[in-house]
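Here is how the chains run, residue by residue.
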Amino acid sequence: MRVLSATGLSLAEFATLADDAGPEPTLPVLGLAKAGDQGFFDDAGLPLSEDWDRAALPRPKDTLFSLEIDGDSMVPLYRPGDKVIVDLDQSQVRRGDRVALRTRSGETLAKELRDITTTALTLYSYNPDYPDRIIAREDVVWIARIIWVSQ
């Protein structure tokens, strides 16, 4: 406890400094077409993971956070109550990415990036009731890819 007190770290923060933290957490992943083949699930329908690839799960860090969707502009892709995980380290975005961004006026948005130029971003809402939004790049505080969603 003295070490934590002296460093000002929480126990969780201190534990991440250890070299023996173990491997990154992963989940078994299999393409849908391959999932139709025999031998990838047991009789209970659970994955037989020895023949599966592994997908890394995000580890908690300062740049990783979750946002809850509360509007209907992205319906049917995201619905009110869905939660998205954003990683500010994932700021290299391109057309077609689903992104979250914060504007200088204090708005936080979850959209699809329709277009990006040196001066502006065009954001697409899946709900046809909402037109595309064009936001000047100078008005963007941060933009990051949405890396995971819980629906």
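This text gives an overview of the structure that appears in the document. (Residues numbered from 1 in each chain as written. Predicted model: local features only at pLDDT ≥ 70, side-chain atom pairs only at ≥ 80, totals over all residues. Heavy atoms only, no water.)

Across its full length, the chain holds three helices and nine strands. For the chain, the sequential pattern of α-helices and β-strands runs α-α-β-α-β-β-β-β-β-β-β-β. In the chain, buried positions account for 25% of the 151 residues. Contacts in the chain between residues at least 24 apart in sequence constitute 50% of all its contacts with a sequence separation of at least 6. Surface exposure of the chain reaches about 10500 Å², of which carbon and sulfur atoms provide 52%. (Helix = DSSP H or I, 4+ residues; strand = E, 2+ residues; numbered from the N terminus. Buried < 20%, exposed > 50% of the residue type's maximum accessible area, 1.4 Å probe, protein only. Contact = heavy atoms within 4.5 Å. Areas by Shrake-Rupley, 256 points an atom, 1.4 Å probe, with all protein chains shown as cover.)

Remember that side chains alternate between the two faces of the sheet whenever the strand is regular. Where strand E4 (residues 83-87) meets strand E9 (residues 140-150), four bridges bridge the pair, whose relative direction is antiparallel. From the neighbouring strand, lysine 83 faces E9, where its bridge partner is serine 150. When strand E5 (residues 98-103) meets E9, the two strands line up antiparallel, connected through five bridges. Each residue of the ladder has a partner; that of threonine 103, found in E9, is valine 140. (Pairing = 2+ DSSP bridges.)

The subject of this paragraph is unusual backbone geometry. Proline 76 follows valine 75 through a cis peptide bond whose omega is 10 degrees. Position of proline 76 relative to the elements: it lies in the loop between strand E3 (64-68) and E4.

Our focus in this paragraph is the pattern of salt bridges. Tallying each qualifying case throughout the model produces nine salt bridges. Its salt-bridge partner being aspartate 97, residue arginine 94 comes within 4.0 Å of it at the nearest N-O pair. Two residues, glutamate 112 and arginine 98, come together in a salt bridge whose shortest N-O distance is 3.9 Å. Note that glutamate 112 is positioned in strand E6 (residues 108-116) and arginine 98 in strand E5, a separation of 14 residues in sequence. On the basis of relative accessibility, which here comes to 16%, the residue glutamate 112 falls in the buried class. Judged by relative accessible area, arginine 98 falls into the partly exposed class, the value being 34%. (Salt bridge = Lys/Arg side-chain N within 4 Å of Asp/Glu carboxyl O.)

Moving on: the sheet that holds E9. Judged by pairing direction, the sheet is antiparallel, and its seven strands sit side by side in the order E3-E4-E9-E5-E6-E7-E8 without closing on themselves. Edge positions in the sheet fall to E3 and strand E8 (133-136), since each of these pairs with one other strand and no more. Within the sheet, the average angular offset between the axes of one strand and its neighbour, ignoring direction, is 45 degrees. (Axes fitted to C-alpha atoms, helices over the stretch in contact; angles between N-to-C directions.)

Attention now moves to the side chain of aspartate 82. You can see aspartate 82 is positioned in the loop between E3 and E4. What makes aspartate 82 buried here is its relative accessible area of 4%. From its side chain, aspartate 82 meets the backbone nitrogen of arginine 79 in a polar contact 2.7 Å long. Polar side-chain contacts of aspartate 82 include one of 3.2 Å to the side chain of glutamine 151. (Polar contact = N/O pair within 3.5 Å; in protein donor to acceptor, adjacent residues only side chain to side chain.)

This part takes up the side chain of aspartate 97. Tracing the backbone shows aspartate 97 in the loop between E4 and E5. Judged by its relative accessible area of 10%, aspartate 97 falls in the buried class. Excluding anything up to four places from it in sequence, aspartate 97 contacts Gln92, Lys111, Glu112, Leu113 and Arg145.

A word on the packing of aromatic side chains. Under the counting rule described, the total for this entry stands at four aromatic pairs. For the pair phenylalanine 40 and tryptophan 52, a centre-to-centre distance of 6.5 Å together with 75 degrees between the ring planes defines the contact as edge-to-face. Of the two residues, phenylalanine 40 sits in the loop between helix H3 (32-35) and strand E2 (53-56) while tryptophan 52 sits in the loop between H3 and E2, which places them twelve residues apart along the sequence. Among the residues examined, tryptophan 52 registers a relative accessible area of 12% and is labelled buried. (Phe/Tyr/Trp six-rings, centres within 6.5 Å; stacked < 30°, edge-to-face > 60°.)

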